[in-house]
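A closer look at the structure
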Amino acid sequence: MSEVSSNSHSTELTSQYIAQVTGDLERNAKEQERVGAEIEALQEQLRALRHDHTVLVNMQDALGGPGSTPGAEAAVAPSVPHQVSAEPKQSKGKKAATTGAKKTTPKKPAAKASSVKASTAAAKPTLVELIRGHLEKQTEPRSAAEVTTALTQAHPDRSVKTTVVRTTLEGLVAKSHAHRTKQGSSVFYTTAVTSEPAPAEPQQETVSD
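Just so we're clear, the structure is a prediction, and the values are computed from it rather than from any experiment.

Moving on, we come to the overall build of the protein. Secondary structure assignment for the protein yields 8 helices and 2 strands. Traced from its N-terminal end to its C-terminal end, the protein shows the element sequence α-α-α-α-α-α-α-α-β-β. Taking all 209 residues of the protein together, 16% fall into the buried category. Contacts spanning at least 24 positions in sequence make up 55% of the contacts within the protein whose residues lie at least 6 apart. Roughly 15,900 Å² of accessible area belongs to the protein as shown, and the carbon and sulfur atoms make up 57% of that amount.

Next up on the list: the packing of helix α6 (residues 127-137) against helix α8 (residues 162-174). Contact geometry of α6 with α8 gives a least axis separation of 10 Å together with a crossing angle of 75 degrees. Regarding the angle of α6 to α8, the classification is roughly perpendicular. Contacts between α6 and α8 involve Leu127, Val128, Ile131, Arg132 and Leu135 on the former and, on the latter, Val164, Val165, Thr168, Leu169 and Leu172. In terms of residue class, the contact of α6 with α8 is built from 8 nonpolar, 1 polar and 1 charged.

Bringing unusual backbone geometry into the picture now. Backbone geometry at serine 176 places phi at a positive 65 degrees, although glycine is not the residue there. Taking the relative accessible area as the measure of exposure, serine 176 reaches 54% and is therefore exposed.

A separate point is α8. Here α8 is 13 residues long and its end C-alpha atoms lie 18 Å apart, about the 18 Å a rise of 1.5 Å per residue gives. Val164, Val165, Thr168, Leu169 and Leu172 are the residues of α8 that are buried. All buried residues of α8 lie within an arc of 135 degrees about the axis, which places them on one face of the element.

Turning next to the pattern of salt bridges. Applying the stated criterion across every chain yields a total of 7 salt bridges. In this structure, glutamate 33 engages arginine 166 in a salt bridge whose closest nitrogen and oxygen atoms are separated by 3.6 Å. Here glutamate 33, found in helix α1 (residues 2-62), pairs with arginine 166, found in helix α8; they are 133 residues apart in sequence, far enough to count as distant. We classify glutamate 33 as partly exposed; its relative accessible area is 42%. Residues arginine 180 and glutamate 170 are paired through a salt bridge, measuring 2.9 Å at the closest nitrogen-oxygen approach.

This part is about the confidence of the model for the protein. When pLDDT is averaged along the protein, the result is 74, and 61% of the positions lie at 70 or above. With pLDDT under 50 throughout, residues 71-77 is counted as low confidence; its partners more than four residues away or in other chains account for 7 contacts. Residue range residues 195-209 is modelled with pLDDT below 50. Its contacts to residues more than four positions away, or to other chains, number 0 contacts.

The next subject is the nonpolar core. Counting residues in hydrophobic clusters, the biggest one holds 14 residues, and the most contacted among them are Leu127, Ile131, Leu135, Val147, Leu151, Val165 and Leu169. Those elements that provide at least two residues to this core are α6, α7 (144-154) and α8. Setting aside residues up to four positions removed in sequence, valine 165 forms contacts with Ile131, Ala144, Val147, Thr148 and Val160.

Attention now moves to the pairing of strand β1 (residues 178-183). Both β1 and strand β2 (residues 186-191) contribute to a ladder of 6 bridges, which runs antiparallel. Residue glutamine 183 lies in a different strand from β2, and its bridge partner there is serine 186. The turn linking β1 back onto β2 is made up of 2 residues, and glycine 184 within it adopts a positive phi angle of 70 degrees.

With that out of the way, let us pick up α6. Residues Leu127, Leu130, Ile131, His134 and Leu135 constitute the buried set of α6. Down the axis of α6, the buried set is contained in an arc of 130 degrees. They therefore lie on one face. In α6, the exposed residues that point more than 90 degrees away from the buried face are Glu136 and Lys137. Those residues of α6 that are buried lie in contact with α7, α8, β1 and β2.

Let's shift gears to the environment of alanine 41. Here alanine 41 is to be found in helix α1. Taking the relative accessible area as the measure of exposure, alanine 41 reaches 13% and is therefore buried. Setting aside chain neighbours within four positions, we find alanine 41 in contact with Val164 and Thr167.

This paragraph deals with the side chain of threonine 148. Position of threonine 148 relative to the elements: it lies in helix α7. Within polar-contact distance, the side chain of threonine 148 engages the backbone oxygen of alanine 144 at 2.7 Å. Each residue touching threonine 148, except ones within four places of it in the same chain, is listed here: Val160, Lys161, Thr162 and Val165.

Quick notes on the rules
Residues numbered from 1 in each chain as written. Predicted model: local features only at pLDDT ≥ 70, side-chain atom pairs only at ≥ 80, totals over all residues. Heavy atoms only, no water. Helix = DSSP H or I, 4+ residues; strand = E, 2+ residues; numbered from the N terminus. Buried < 20%, exposed > 50% of the residue type's maximum accessible area, 1.4 Å probe, protein only. Contact = heavy atoms within 4.5 Å. Areas by Shrake-Rupley, 256 points an atom, 1.4 Å probe, with all protein chains shown as cover. Axes fitted to C-alpha atoms, helices over the stretch in contact; angles between N-to-C directions. Parallel < 35°, antiparallel > 145°, perpendicular 65-115°, else oblique. Nonpolar A, V, L, I, M, F, W, Y, C, P; charged D, E, K, R; others polar. Expected span 1.5 Å × (residues − 1). Arc of directions from axis to C-beta. Salt bridge = Lys/Arg side-chain N within 4 Å of Asp/Glu carboxyl O. pLDDT = per-residue confidence, 0-100. Core = buried A, V, L, I, M, F, W, Y, C linked by side-chain atoms within 4.5 Å. Pairing = 2+ DSSP bridges. Polar contact = N/O pair within 3.5 Å; in protein donor to acceptor, adjacent residues only side chain to side chain.

So, in structure tokens, the structure goes:
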């Protein structure tokens, strides 16, 4: 009898250990998924910041920031020795004229290029703006997978992943820009309804004779 009880006791311990290890594995997998989603969201923000940095640098160059003037002076330098050898007395006047002309001309194409890039950056909304705009158009709660499918169909040129969308939605919930509801094992999101201020009560004016 003692051997039977010891065997059953060891079987129970083994079952408990198996259940504990299985639970730990599930929690580890979920934690990996969460951290991976946060990394992807941060990489998306980093790409957007780098894009904005490139546009700002181009705008700075177009407005005559550092780096535009030295290029113009370098372009003028090769023509100076020829003018000095041909007409020594008038070389200064010609140098000033060509310098002034070449300083102004390169700015026009740069300004056009920067304006085109700025308009492109302004026309391409961020992932947060796309998700908020999609939720505002919905009348029913949507899951992260449904939002991902809708954005992929609406913007096929962008790579939208469910993990990134879920992380972005949780960020909106944390900022009170969206609401989170759970139905069974599924999680759904809706846009935050802004409460409109109540209309002020009309005040009766007393007319004194």
